[in-house]
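Here is what each chain is made of, one letter per residue.
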Amino acid sequence: MTFPKKGRAADALLAELEARKANDVRWQEGRVFAYIYDAGAEAMDVVKKAYSAFLTENGIDPTSFPSALELERDVIAMALDLQNAPPGAKGSFTTGGTESILLSVKTARDHARATKPHITAPELVLPETAHPAFFKACAYFDVKPVITPVDPESFTALPEAMEKAITDQTIMLVGSAPSYAHGVIDPIAAIGQVALEAGVLFHADCCVGGMYLPFIRKLGADVEAFDLSTPGVTQMSLDFHKWGYAAKGASSVLYANGELRKYQIFAWSGWTGYTIVNPTIQSGRSAGPIAGAWAALNFIGEDGYLRLARVTQEASAKMCAAIREIEGLKLLGNPPGNLLAFAAEGFDIFALADAMKAKGWFLQAQFGHGPSPANLHVSIGPANAPNVDAMLDDLRAETARLRADPQYRVATPSADEIAAITAMEPADLLDAMESMFTGGTGGMPDEMRPINTLMDAMPFEARDRILKEYINRLYAKPAGAAADT
């Protein structure tokens, strides 16, 4: 597409934008069990209007746009209250869980530089189930990730393993409440004690649980300690755009001791322009996401979040019970909330993902790693709840069909085949895969099973190299076009 010579009519533009959604997942129907967090049309309308009302207000300068500052203070204060933060706690509004985690790791590194000068090669101790954003932060900020195993049945972190991994270079520990992959909660209180005894910071990743766990706990769910009142927890990430039902681009990083936040802030006046003071990674930023989050929290309120959580928990319990009963499926761990994952026994789980997609259901495929086999992830929200029975009917039928057909048994490439494949240059391998699975079009095949099975058998390092090459191509060509050379 070339740069437009003339402007176009608004109606035509908006119609084209709507048309471009044609191949997106059908989230409005409540059949997508990932990515989407929908509290209903009324709440969404309020959020959109609030977002639009502050679209052009710029959070870069709180003295010029005090309204943005006031909204952020309100939103962070509500989050701190929800997480039982102690007096003096502070936080910042961010664009998403990844930015929140990046800032937390950066804060830990800079805190160590200021208070522990013996740390010259900072290390972050985290279980193998920790979100990739922590590894991204390590890559960005030159911090070494020290990975510890998890319990092979519960998939929760092992505090004793984390304790053994601590060295004089450790700057922070990480736990999840819950971890995204399996929806299980790490023993946050026990890890907190390890952190206290070692004198290191401890981040509780509550991106996906911070706006959900407090409410199901009030409904009587057995939820382990995880919030900012937990001894040893020094910081937390919490997303408003997940189960807080705000518009995308709304998260937070929270600190039990507000003094920690100063290590997060960047300031620079040593140039010829205006002074830059950034509490987060962004400089210029729309106040729209902040206003959207403020509106969601105030419109839904505690009573609304409890109502949504109750509906969601009932649907989640029904799904967990059904998966435990379906022959050929295995629920992974013991998720207390609305995130779960299940594996297949005796047939290819990726074939089930394709089969359910053909029925109109989107379940998120996850590759195997460590003790976790290849599986399908499910995030259940209130919009999914009315469709759970229908989804389970299809899940039972498709599982039985695939198990009975020998062609859907797992066909793992041999070690020699994997060695030969991973020895190829990523570009050459991707060319071969595109030719084999898409006829050279570069588009996505109707069935992902062959690609997913091959990728699942690879070491993750080789898989990541291929995925980088794929994404680099994807953003450089129109959908369905031939690969760039």
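Details of the structure are given in the entry above.
All of these numbers come straight from a predicted model, not from anything done at the bench.

Chemist: Explanation requested: the layout of surface pockets in the structure shown.
Modeler: A water-sized probe, rolled over the atoms, reveals where empty space remains. The space that makes up the second largest pocket amounts to roughly 550 Å³. Forming the walls of the second largest pocket are 22 residues, and the residues nearest its centre are Trp27, Ile36, Met44, Lys48 and Lys248. With six residues, the top contributor of residues to the lining of the second largest pocket is helix 2 (residues 41-53). Per-class residue counts for the lining of the second largest pocket are twelve nonpolar, four polar and six charged.

Chemist: How do you make sense of the packing of aromatic side chains when you look at a structure like this?
Modeler: The geometry of an aromatic ring pair comes down to the distance between the two centres and the angle between the two planes. Overall, the coordinates contain eleven aromatic pairs when judged by the stated rule. Ring geometry for tyrosine 37 versus tryptophan 243: centroids 4.6 Å apart, planes at 85°, classification edge-to-face. Of this pair, tyrosine 37 sits in the loop between helix 1 (10-19) and helix 2 while tryptophan 243 is found in the loop between strand 6 (235-239) and strand 7 (251-255), placing the two residues 206 residues apart along the sequence. Of the two residues, tyrosine 37 and tryptophan 243, both sit in the buried class. With a centroid separation of 6.1 Å and 65° between ring planes, the pair formed by phenylalanine 350 and phenylalanine 367 is classed as edge-to-face. In this pair, phenylalanine 350 is assigned in helix 10 (residues 349-358) and phenylalanine 367 in the loop between strand 12 (364-366) and strand 13 (375-379), connecting sequence segments 17 residues apart. Classification of phenylalanine 350 as buried rests on a relative accessible area of 3%. When its relative accessible area of 28% is taken as the criterion, phenylalanine 367 is described as partly exposed. Every member of this aromatic cluster is reached through a ring pair, and the members are Tyr37, Tyr212, Phe215, Trp243, Tyr245 and Tyr305.

Chemist: Looking at this structure, how should I read the packing of helix 10 against helix 14 (residues 449-457)?
Modeler: Geometrically, a packed helix pair is captured by the angle between its two axes and the distance between the axes. Contact pair helix 10 / helix 14: the axes reach a minimum separation of 9 Å and the direction vectors enclose 150°. Taken together, helix 10 and helix 14 sit at an angle that is classed as roughly antiparallel. Note that helix 10 runs across helix 14; the crossing there is right-handed. Residues Phe350, Ala351 and Asp354 of helix 10 touch helix 14, and the partners they reach there are Arg449, Asn452, Thr453 and Asp456. When its residues are assigned to classes, the contact of helix 10 with helix 14 shows two nonpolar, two polar and three charged.

Chemist: Please clarify how the sheet that holds strand 12 should be interpreted in this entry.
Modeler: What links the strands of a sheet is backbone hydrogen bonding, and the strands pair in either a parallel or an antiparallel sense. Here four strands make up an open sheet; going across it, the order is 10-11-13-12 and the pairing antiparallel. Of all the strands in the sheet, the pair left with one neighbour each is strand 10 (329-331) and strand 12. With direction set aside, neighbouring strand axes in the sheet form an average angle of 35°. Across three bridges, strand 12 lies against strand 13 in antiparallel orientation. Bridged to alanine 365 within strand 13 is leucine 376.

Chemist: What am I meant to see in the nonpolar core here?
Modeler: If you look at the biggest cluster of nonpolar residues, it comprises 56 residues, and the most contacted ones within it are Leu173, Met211, Phe240, Trp243 and Tyr305. Those elements that place two or more of their residues in this core are helix 3 (66-82), helix 6 (159-165), helix 7 (188-198), strand 5 (201-206), helix 8 (213-218), strand 6 and helix 9 (288-325). A per-element tally of this core places helix 9 first, with ten residues. Look past the residues within four positions of leucine 173 in its chain and what remains in contact with it is Val125, Met162, Ile166, Ile191, Val194, Ala195, Val200, Leu201, Phe202 and His203. Counting 33 residues, the second-largest nonpolar core is a separate cluster that includes Ala315, Ala322, Leu331 and Val388.

Chemist: Please explain the pairing of strand 4 (residues 170-176) as it appears in this structure.
Modeler: Two faces, one strand: in a regular strand the side chains alternate between the faces of the sheet. A large share of strand 4 lies buried, amounting to seven of its seven residues. Where strand 2 (residues 123-127) and strand 4 come together, three bridges link them in parallel fashion. Following the sheet pairing, valine 125 is matched in strand 4 by leucine 173.

Chemist: What is the right way to read the sheet that holds strand 2 from this model?
Modeler: Read across the open sheet, the seven strands follow the order 1-7-6-5-4-2-3; overall the sheet is mixed. Of all strands in the sheet, those with a lone pairing partner are strand 1 (90-94) and strand 3 (144-148), marking the two edges. Along the sheet, successive strands turn relative to each other by an average axial angle of 20°, direction set aside. Alignment of strand 5 against strand 6, held across four bridges, turns out to be parallel. Its bridge partner being in strand 6, cysteine 206 is matched across the sheet by leucine 238. Across the sheet, helix 3 lies against strand 1 and strand 7, angled at about 120° from strand 1, the strand it touches most. Sheet strands in contact with helix 4 (residues 97-115) are strand 1, strand 2, strand 4, strand 5, strand 6 and strand 7, and its direction is about 25° off that of strand 7.

Scoring rules and cut-offs
Residues numbered from 1 in each chain as written. Predicted model: local features only at pLDDT ≥ 70, side-chain atom pairs only at ≥ 80, totals over all residues. Heavy atoms only, no water. 1 Å grid on protein atoms, 1.4 Å probe; cavity = no way out; pocket = protein on both sides within 12 Å on 5 of 7 lines; lining within 4 Å. Points joined across faces, edges and corners; volume = space filled by probe spheres on them. Helix = DSSP H or I, 4+ residues; strand = E, 2+ residues; numbered from the N terminus. Nonpolar A, V, L, I, M, F, W, Y, C, P; charged D, E, K, R; others polar. Phe/Tyr/Trp six-rings, centres within 6.5 Å; stacked < 30°, edge-to-face > 60°. Buried < 20%, exposed > 50% of the residue type's maximum accessible area, 1.4 Å probe, protein only. Axes fitted to C-alpha atoms, helices over the stretch in contact; angles between N-to-C directions. Parallel < 35°, antiparallel > 145°, perpendicular 65-115°, else oblique. Left-handed = near helix turned anticlockwise from the far one by under 90°. Contact = heavy atoms within 4.5 Å. Pairing = 2+ DSSP bridges. Core = buried A, V, L, I, M, F, W, Y, C linked by side-chain atoms within 4.5 Å.

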